[in-house]
Every structure is written in structure tokens, then in C-alpha cells.
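# Geometric and topological summary
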Amino acid sequence: MTLPQWLMPPNPKKSRLVPLADLVGGAVDPVLAKLGFSQSSLILHWDDIVGERIAACSEPIKLQWPPRPAKRADDFVVEPATLVLRVTGAMALDVQHEAPQLIARVNAHLGWRAVGRIAIRQGPLTRAARPRRPAPPDAQALARAEQAVAGVADETLRKALVELGARALRGPAGKA
């Protein structure tokens, strides 16, 4: 007796399930390419690249590449792009001061000397502010969570449960 198709276990080679992150990158990359970004990682990981302080007051707008000749000589060198940033108010001076470090961080992330300079445009940020990362749980909540999961044998699972439990015991406002 054979089972109906809907009861059959999925064949991993024919699985149609795709992680959402894979679909988003494919949909966003053509739009970002029009702005000079060859990949979405610069936009998506901006806060990790430049740090929370700079990311809170800035966002990349586009990469401006210099014009390239139609006929390139054998010794043609690709000139680096200008990263155009939108920066809020008075932080523009701070971002301008840290431009060499920001260029180095962006180039390290991209893996080559893609950015040669930064141009700053002052104005309000267009992206929504990201929620702040929650503070780490206090020692009392950690101790209570460790006691609750002491019987779990798997080390990795126990650590994850301790972290989850400590945050749950802390409560939404950071209160135990």
C-alpha cells in the first residue's frame, strides 16, 4: 500500500523551502545595483561595519563610481568609488573626522579597496531606527535560570536555555 503524496516525507533534493533571507537578497540586489551597491551587505550590515554610534546617525545612500572609458587600456586601474552618506545634524562633523577609519572598515568588509572617499549629505535618516539590544540579564536571573535547567545534559542546549530563561525571568522592563 502506498501513501498519498501529501503524507509522503519531503525529498530533501526536491524541497522547495527556501530561507527568506535568500529571497530578500535576490529581490533587493537589483534595486541596490542602481544605486551603485554591488551587494546588499553594506546596507544590511551597516551597524556592524561602522559601529552602533555612527550607524545611529548615518546611512549609506549610494556608491558613486567615477566614469570609465569605453575603451580600456591594458594598464587601466579601477578608481575607487565615493560612498555617499546621509548624516543627521551635527554628527556630520564627527563622521567627517572619522572618514578614514570608516573607509577602512567598509573596504575591509567588501574585501577590496572599493571606497576611496566619503561624501556627506546632511538630513534626516530614511530608515526606521532599530530597536536597542536588550541589556544582559543580571546575576540573580542567571543563577535562577541555571538552577532550572541543571538537569539538561546537552551543553549547547543548556547554555541556550539559561540565556533564554534569564531574559524571561528579568521581564520586559529589566525587572526580575
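Presented here is a report on the structure given in the accompanying data block. Throughout this description, residue numbers start from 1 for each chain and increase along the sequence as written. Residue-level local features of this predicted model are given only where pLDDT is at least 70; pairs of side-chain atoms are given and counted only at 80 or more, and the full residue set underlies all totals for whole chains, interfaces and linings. Each side-chain value is worked out from all heavy atoms of the structure, with water and hydrogens disregarded.

## Things to note about a nonpolar patch on the surface
Judged by side-chain polarity, W65, V78 and W112 come together as a nonpolar surface patch covering roughly 280 Å² of accessible area. Think of it this way: any DSSP run of H or I at least four residues long counts as a helix, any run of E at least two long counts as a strand, and we number them from the N terminus. Within the fold, W65 resides in the loop between β1 (58-64) and β2 (81-87). Relative accessibility thresholds used throughout: buried, under 20% of the residue-type maximum; exposed, over 50%; partly exposed, between the two (1.4 Å probe, protein chains only). The class of W65 is partly exposed, set by a relative accessible area of 31%. For patches, a residue must show more than 30% relative accessible area and have no salt bridge; joins then use 9 Å for like charges and 5 Å for nonpolar side chains, namely Val, Leu, Ile, Met, Phe, Trp and Tyr. With residues, only the protein chains shown are counted as cover, and all accessible areas are computed by Shrake-Rupley using a 1.4 Å probe. Salt bridges are identified by distance alone: a Lys or Arg side-chain nitrogen within 4 Å of an Asp or Glu carboxyl oxygen.

## Points about the sheet that holds β1
Adjacent strands of a sheet form backbone hydrogen bonds with each other and so pair up, either parallel or antiparallel. Two strands make a pair as long as DSSP finds a minimum of two bridges between them. Strand order across the open sheet formed by three strands is β1-β2-β3, with mixed pairing between neighbours. Single-partner strands in this sheet number two, and they are β1 and β3 (115-122). Ignoring which end each strand starts from, the neighbouring axes of this sheet average 25° apart. Across seven bridges, β2 lies against β3 in parallel orientation. Its bridge partner being in β3, V87 is matched across the sheet by Q122. Contacts are assigned to residue pairs with any non-hydrogen atoms lying within 4.5 Å of each other. Axes here mean lines fitted to C-alpha atoms, for a helix over just the part in contact, with angles spanning 0 to 180 degrees between N-to-C directions. Those strands touched by helix α6 (residues 99-110) are β2 and β3, and its axis lies near 120° from that of β3.

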